[in-house]
Amino acid sequence: VQLQASGGGLVQAGGSLRLSCVGSGMTFSRYGIGWFRQAPGKEREFVAAVSWTDSTYYADSVKGRFTVSRDNEWKAGYLEMNSLKPEDTAVYYCAAAFRRTGQRLNISTDYDYWGQGTQVTVSS
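The structure displayed is predicted, hence computed values, not measured ones.

**Student:** Just to check I follow, could you spell out the overall build of the chain for this structure?
**Tutor:** The number of helices and strands found in the chain is zero helices and eleven strands. Taking the principal axes of the C-alpha coordinates as reference, the chain spans close to 40 × 25 × 25 Å. Here the chain holds 124 residues, and 44% of them are scored as buried. In the chain, the share of contacts with a sequence separation of at least 24, taken over all contacts with a separation of at least 6, comes to 57%. When the accessible area of the chain is evaluated, it comes to approximately 6,400 Å², of which 45% is carbon and sulfur surface. Averaging the locations of the 13 positively and 11 negatively charged side chains of the chain gives two centres separated by 3 Å.

**Student:** Would you mind showing me how to read the state of the cysteines here?
**Tutor:** One way to say it: the disulfide is the covalent bond shared by the sulfur atoms of two cysteines. Overall, the coordinates contain one disulfide when judged by the stated rule. Between C21 and C94 runs a disulfide, and the two sulfur atoms are separated by 2.2 Å. What sets the handedness of the C21 and C94 disulfide is the S-S torsion sign, and at about 70° it is right-handed. Separated by 73 residues along the polypeptide, C21 in strand β3 (residues 17–24) and C94 in strand β9 (residues 90–98) bring together distant segments of the chain. Here C21 and C94 have matching classes, each one buried.

**Student:** Would you mind going over the environment of R99 with me for this structure?
**Tutor:** Residue position: R99 is located in the loop between β9 and β10 (113–114). For the pair R99 and Y31, spaced 68 residues apart in the sequence, the C-alpha separation amounts to 5.4 Å. Setting aside residues no more than four positions away along its own chain, R99 makes contact with R30, Y31 and W52.

**Student:** Would you mind going over unusual backbone geometry with me for this structure?
**Tutor:** Trans is the common state for peptide bonds, and a negative phi is the common state for residues other than glycine. The backbone of K75 shows a phi angle near 55°, a positive value even though the residue is not glycine. Judged by relative accessible area, which is 34%, K75 ranks as partly exposed. For S83, which is not glycine, the phi dihedral falls at a positive 50°. By secondary structure assignment, the location of S83 is in the loop between β8 (76–81) and β9. When its relative accessible area of 40% is taken as the criterion, S83 is described as partly exposed.

**Student:** Any chance you could explain the environment of M81 here in plain terms?
**Tutor:** Structurally, the position occupied by M81 is in strand β8. Sequence separation between M81 and S20 is 61 residues, and the spatial gap between their C-alpha atoms is 11 Å. In this structure M81 touches G15, S16, L17, L19, R65, F66, Y92 and V120, once residues within four positions along its chain are discounted.

Conventions and cut-offs
- Residues numbered from 1 in each chain as written.
- Predicted model: local features only at pLDDT ≥ 70, side-chain atom pairs only at ≥ 80, totals over all residues.
- Heavy atoms only, no water.
- Helix = DSSP H or I, 4+ residues; strand = E, 2+ residues; numbered from the N terminus.
- Buried < 20%, exposed > 50% of the residue type's maximum accessible area, 1.4 Å probe, protein only.
- Contact = heavy atoms within 4.5 Å.
- Areas by Shrake-Rupley, 256 points an atom, 1.4 Å probe, with all protein chains shown as cover.
- Lys, Arg positive; Asp, Glu negative; His and termini not counted.
- Charge placed at Lys NZ, Arg CZ, Asp CG, Glu CD.
- Disulfide = S-S within 2.5 Å.

Shown next, in the form of structure tokens:
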């Protein structure tokens, strides 16, 4: 199984970016897809997730600004980020969690596979 994250970059505050996460070697539709981020000197934190049933979850800090989605046909997950702030600067990781009862998509240890990360830098 591999997850390939892409779409990061440098953007001014207030701008937008769209991250993609493409899966291979897996039955993509059976996994919840999550996005986490890690800023320098900070712990990795939950950003957003979409379950295998298309339920979505967001951290309070990104609600109303970020939108998570998936396209099973393309085996891809997406994170649309709008109204970006300097505090959104971090390495963003996508992850996949196989469907299971009691799945907690906001908990990093509930994920089975991780992508390599993509840098998002928001300048003020």
